[in-house]
Amino acid sequence: MGTILVTGGGGFIGSNLTVALVKLGHKVKVLDNFSTGSIDNLQPVLKEIELYKGDLRCLDDVRRAVAGAEVVFHQGALPSVPRSIADPLTTNAVNIEGTLNVLLASRDAGVRRVVYASSSSVYGSNEVLPKVENMSLCPMSPYAATKLAGEVYGKIFYELYSLETVGLRYFNVFGPRQNPKSEYAAAIPRFIKALLNKASPVIYGDGNQSRDFTFIDNVVQANLLSMQTCAAAGEVFNIACGKRITLNGLLEILMDITGTRVDVVYTAARPGDVKHSLAGVEKAAGVLGYCPKTDIKEGLRLTVEWFTKESGL
Ligand SMILES: NC(=O)c1ccc[n+]([C@@H]2O[C@H](COP(=O)([O-])OP(=O)(O)OC[C@H]3O[C@@H](n4cnc5c(N)ncnc54)[C@H](O)[C@@H]3O)[C@@H](O)[C@H]2O)c1
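Residues numbered from 1 in each chain as written. Predicted model: local features only at pLDDT ≥ 70, side-chain atom pairs only at ≥ 80, totals over all residues. Heavy atoms only, no water.

Looking at an unreviewed UniProt entry, one finds the chain named UDP-glucose 4-epimerase and attributed to Pelotomaculum schinkii.

Right, dumping it as structure tokens:
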């Protein structure tokens, strides 16, 4: 088994993937500057991994981390739509230039495969549901534009330089280690934090917007499958549950799980957010053998359990 590099390994998805890879016996390196992630996320495996504190925007940092890797899981990015609207330049630099650095360094170091994190946001204002990989893409935010650019670069590096690249379009991932504290925190950790504190959760919009929320273990499974499957090279795949739920419906489930009833605060919808999202996961099922094993209810139960025990909320 060759060495694996996880960029953004200190983040929510990257740290869960890193822990899974170490458990499977892989030699793992992590590159992160801990701008949105945290070294605490890596505590369970800190002694077993090689840690490179460095910046995706610095090609030398990226080359140092990539050296000797057989596979790269590129999870590092600034992952927020509102952040990208407030500061498109920084999001562009980290997500596009950073991805180009990872691809260049991987090509030059003889990496076999780069599996990179894309996003359902690339579908944007295309209202057709479910989203399927070959439909037209209409990004609505600088963040979505950067994720699409990453896909385009991934495809070009496969075709021009035979670097095997696989893009995974994640749909609203949630689970343990997702940060509830940042100004740009995602809905589920914010809701759980509020409910555990018996405070009112805030919904942007009327709560009828729907998402295909995806438990982290399903995303880890998709990454592990993407590392090996020959036919995946040069392709992009939706990674989701294939089911959608409204934010109001989601809060109902969370109130049941936490046993907390509080009023919900509704505020203005956020620019750049899509109204509905639902993935077709047939391509991932057919090519990768992907099968989301944990559904939304079980995922939420596990997530609340983790936040209650681990985060001291
Ligand atoms: N969480 C989701 O629902 C979701 C959905 C779609 C796509 N994604 C994508 O998945 C990936 C992981 O997202 P996440 O939710 O784990 O976010 P996260 O913020 O928890 O993780 C991102 C990691 O990248 C690191 N990073 C940021 N800028 C860096 C830089 N300049 N140099 C080195 N490291 C840097 C951060 O410190 C962090 O550890 C991202 O590429 C994101 O765009 C996430």
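Having put the structure on the table, let's press on.
Once that is clear, we can look at the overall build of the chain. A tally of regular secondary structure across the chain gives ten helices and 13 strands. For the chain, whose C-alpha radius of gyration is 18 Å, the value lies close to the compact-globule estimate of 20 Å for 313 residues. Each principal axis of the C-alpha atoms in the chain carries an extent, and together these give about 55 × 45 × 40 Å. Taken across its 313 residues, the chain has 54% of its residues classed as buried. In the chain, once contacts between residues fewer than 6 apart in sequence are set aside, the share between residues at least 24 apart is 79%. On the chain, roughly 13100 Å² of surface is accessible, and the fraction owed to carbon and sulfur atoms is 53%. Side chains of the chain carry 32 positive and 30 negative charges; the gap between the two charge centres is 2 Å. (Helix = DSSP H or I, 4+ residues; strand = E, 2+ residues; numbered from the N terminus. Rg over C-alpha atoms; globule rule 2.2 N^0.38 Å. Buried < 20%, exposed > 50% of the residue type's maximum accessible area, 1.4 Å probe, protein only. Contact = heavy atoms within 4.5 Å. Areas by Shrake-Rupley, 256 points an atom, 1.4 Å probe, with all protein chains shown as cover. Lys, Arg positive; Asp, Glu negative; His and termini not counted. Charge placed at Lys NZ, Arg CZ, Asp CG, Glu CD.)

As a further point, take a nonpolar patch on the surface. Together, Val 152, Ile 156, Leu 160 and Tyr 161 line one region of the surface with nonpolar side chains, adding up to about 360 Å² of accessible area. Note that Leu 160 resides in helix H5 (residues 142–161). (Patch = residues over 30% accessible without salt bridge, like charges linked within 9 Å, V, L, I, M, F, W, Y side chains within 5 Å. Salt bridge = Lys/Arg side-chain N within 4 Å of Asp/Glu carboxyl O.)

Here we come to the pairing of strand E2 (residues 28–32). Among the five residues in E2, five count as buried, and that is most of the element. When strand E1 (residues 3–7) meets E2, the two strands line up parallel, connected through four bridges. Its bridge partner lying in E2, Thr 7 is registered against Leu 31. Tracing the backbone out of E1, into helix H1 (residues 12–23) and back to the parallel element E2 gives a crossover that is right-handed. (Pairing = 2+ DSSP bridges. Right-handed = clockwise from strand over helix to strand, strands pointing away.)

Bringing the pairing of E1 into the picture now. Of all five residues that make up E1, five are buried, and the element is covered over most of its length. Residues of E1 alternate between two faces, with Thr 3, Leu 5 and Thr 7 on one and Ile 4 and Val 6 on the opposite face, all of them buried.

Our next topic: the sheet that holds strand E4 (residues 69–74). Strands sit in the order E3-E2-E1-E4-E5-E6-E11 across an open sheet of seven strands; the sheet is parallel. Looking along the sheet, the strands with just one partner apiece sit at the ends: strand E3 (50–53) and strand E11 (235–239). On average, each strand axis in the sheet is tilted by 20° relative to the strand beside it, whichever way the strands run. Here E2 pairs with E3 via four bridges, running parallel. Within E3, the position partnered with Asp 32 by the bridge is Lys 53. Running over the sheet, H5 touches strand E5 (113–119), strand E6 (164–170) and E11 and is turned about 155° from E5. (Axes fitted to C-alpha atoms, helices over the stretch in contact; angles between N-to-C directions.)

This paragraph deals with the packing of helix H8 (residues 247–258) against helix H10 (residues 296–310). Relative orientation of the contacting elements H8 and H10 amounts to 50°, with a least axis distance of 10 Å. Taken together, H8 and H10 sit at an angle that is classed as oblique. In this structure, H8 meets H10 at a crossing whose hand is right-handed. Across the interface between the two elements, Leu 250, Ile 253, Leu 254, Ile 257 and Thr 258 from H8 touch Ile 296, Lys 297, Leu 300, Arg 301 and Val 304 from H10. Residue classes in the contact of H8 with H10 are distributed as seven nonpolar, one polar and two charged. (Parallel < 35°, antiparallel > 145°, perpendicular 65-115°, else oblique. Left-handed = near helix turned anticlockwise from the far one by under 90°. Nonpolar A, V, L, I, M, F, W, Y, C, P; charged D, E, K, R; others polar.)

Around the ligand, the surrounding shell holds 28 residues, and the nearest of these are Ile 13, Asp 32, Thr 36, Tyr 143 and Val 173. Separating a nitrogen atom of the ligand from a backbone N or O atom of Asn 33 is a distance of 3.3 Å. Considered on its own, the ligand offers 820 Å² of accessible surface; in the complex 93% of this is hidden by protein. For the shell around the ligand, the elements supplying multiple residues, two or more each, are H1, E5 and H5. Among the elements that line the shell around the ligand, the one with the most residues is E5, at three residues. (Near = heavy atom within 4 Å. Polar contact = N/O pair within 3.5 Å; in protein donor to acceptor, adjacent residues only side chain to side chain.)

To continue, consider the UniProt feature "domain: NAD-dependent epimerase/dehydratase" (unreviewed entry) in the chain. Residues annotated by UniProt as "domain: NAD-dependent epimerase/dehydratase" (unreviewed entry) correspond here to residues 4–240. From the first C-alpha to the last, residues 4–240 spans 24 Å; its make-up is 38% helix and 20% strand. (UniProt positions renumbered as here; feature names shortened; annotations may be inferred.)

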